[in-house]
Amino acid sequence: QVYLAESGGGLVQAGGSLRLSCAASGRTFNINTMYWYRQAPGKQRELVATITSGGSTNYADSAKGRFTISRDNTKNTLYLQMFSLKPEDTAVYYCACTVVLNVEGATRTHWGQGTQVTVSS
């Protein structure tokens, strides 16, 4: 089992910055890709950023140029550095990861509890 714990959320003014962290524990040796998702009030959950085990990254269009996803595998920690925050970034941000189950490539997704990010005007 993998356990994920987000931290770093809070209230910030538009234009401000936050860095979210996600600490993974448990059976972390099989973690493959890690993700940041968010869910804003009244909206569907959306993928914000992805980082593979090799460090390749992808971002939602809304995040490109403002957010940076990174990971420190020695610490089993995922980060999301957010700059130039906008009110529309307000959401619960969730850390997730896929765990490889076997040599055939089967995976399981694990989720954190989420951390609230609120951006005021």
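The rules behind each value
What you see as residue numbers is a count from 1 along each chain, following the sequence as written. Only residues with pLDDT of 70 or above have their local features reported here, since the model is predicted, and side-chain atom pairs are shown and tallied only from 80 upward, although totals for entire chains, interfaces and linings are computed over all residues. Note: side-chain values were computed over all heavy atoms of the structure, leaving out hydrogens and water. For this analysis, a salt bridge means a side-chain nitrogen from Lys or Arg found within 4 Å of a carboxyl oxygen belonging to Asp or Glu. Runs of E in the DSSP output that reach at least two residues are strands. Runs of H or I that reach at least four are helices, and both are numbered from the N terminus. Per-residue accessibility, obtained with a 1.4 Å probe over protein chains only, is compared with the maximum for each type, and a residue is labelled buried under 20%, exposed over 50%, and partly exposed between these values. We treat two strands as partners when DSSP finds at least two bridges between them. Lines are fitted to the C-alpha atoms to define the axes, a helix being fitted only along its stretch in contact, and any angle between axes, read from their N-to-C directions, falls within 0 to 180 degrees.

Novice: Any chance you could explain the pattern of salt bridges here in plain terms?
Specialist: Proximity of charged atoms lets side chains of opposite charge pair with each other. Evaluated as defined, the whole model comprises 4 salt bridges. Measuring nitrogen to oxygen at the nearest pair gives 2.9 Å for the salt bridge that ties Arg-38 to Asp-89. Of this pair, Arg-38 sits in strand β4 (residues 31-39) while Asp-89 is found in the loop between β8 (77-82) and β9 (91-100), placing the two residues 51 residues apart along the sequence. Across this residue pair, the class does not change: Arg-38 and Asp-89 are buried. The salt bridge involving Asp-61 is made with Lys-64; its shortest N-O contact spans 3.3 Å. A single salt-bridge network, built from bridges that share partners, covers Arg-38, Glu-46, Arg-66 and Asp-89.

Novice: Can you help me understand the sheet that holds strand β3 (residues 18-26) in this one?
Specialist: The pairing of strands in a sheet comes from backbone hydrogen bonds and takes either a parallel or an antiparallel form. Spatially, 4 strands are ordered β1-β3-β8-β7 in an open sheet, and the strand pairing comes out antiparallel. Edge strands, defined here as strands with exactly one partner in the open sheet, are β1 (2-7) and β7 (67-72). Strand after strand, the sheet turns through a mean of 15 degrees between neighbouring axes, direction not considered.

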